[in-house]
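So the chains spell out like this:
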Amino acid sequence: TSLMKRVGKSWLGNFARVQQAKRISFRELANQRVARGVEMLSRGRLVVTDRLHAHIICMMLGIPHVVLDNNYGKLGEFIDCWHDGDPLVRRVATV
């Protein structure tokens, strides 16, 4: 109880949640995140994104999408290399 008085109950609660999260493997967490992303991107008929991984998932699922490139051209270079001319993706400079 003296430890609880020194650090507070909220800290111990956070610590317990962290310990529980550590028990879940990284693969499980990755699978959960991919599933959540797939579900989110599959909801609409067209996706607008500025994220590389959203673009990749859309390509894998056959979802038409519009890509806004970032300021250093990462998405544009990736698309030029791997998906140039693909009808599923359209690059735009602004919305």
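Residues numbered from 1 in each chain as written. Predicted model: local features only at pLDDT ≥ 70, side-chain atom pairs only at ≥ 80, totals over all residues. Heavy atoms only, no water.

(A) Fine view of the overall build of the chain. When helices and strands are tallied, the chain shows five helices and three strands. Going from the N terminus to the C terminus, the chain shows its helices and strands as α-α-α-β-α-β-α-β. Every one of the 95 residues in the chain was classed for burial, and the buried ones make up 22%. About 7,700 Å² of surface is accessible on the chain, with carbon and sulfur atoms providing 56% of the total. (Helix = DSSP H or I, 4+ residues; strand = E, 2+ residues; numbered from the N terminus. Buried < 20%, exposed > 50% of the residue type's maximum accessible area, 1.4 Å probe, protein only. Areas by Shrake-Rupley, 256 points an atom, 1.4 Å probe, with all protein chains shown as cover.)

(B) Examining the environment of leucine 41 more closely. Its place among the elements puts leucine 41 in helix α3 (residues 26-41). For leucine 41, the residues in contact, after removing those within four places along its chain, are Val47, Ala54, Ile57, Cys58 and Ile63. (Contact = heavy atoms within 4.5 Å.)

(C) Broad picture of the side chain of histidine 55. Within the fold, histidine 55 resides in helix α4 (residues 52-61). Residues contacting histidine 55, with those up to four places away along its chain left out, are Thr49, His65, Val67, Leu75, Phe78, Ile79, His83 and Val89.

(D) Highlighting the pairing of strand β3 (residues 89-92). Sheet topology note: the strand β2 (residues 65-68)/β3 ladder contains four bridges and is parallel. Looking at the pairing, valine 66 lines up with arginine 90 of β3. The parallel pair β2 and β3 is bridged by helix α5 (residues 74-82), and the resulting crossover is right-handed. (Pairing = 2+ DSSP bridges. Right-handed = clockwise from strand over helix to strand, strands pointing away.)

(E) Spatial organisation of the pattern of salt bridges. Per the counting criterion, the structure on display carries two salt bridges. Between glutamate 39 and arginine 43 there is a salt bridge, and its shortest N-O distance comes to 3.3 Å. In this structure, arginine 91 and aspartate 80 form a salt bridge, with 2.5 Å as the shortest nitrogen-oxygen distance. Here the residue arginine 91 occupies a position in strand β3, and aspartate 80 occupies one in helix α5, the gap between them amounting to 11 residues. Classification of aspartate 80 by relative accessible area gives partly exposed; the value is 42%. (Salt bridge = Lys/Arg side-chain N within 4 Å of Asp/Glu carboxyl O.)

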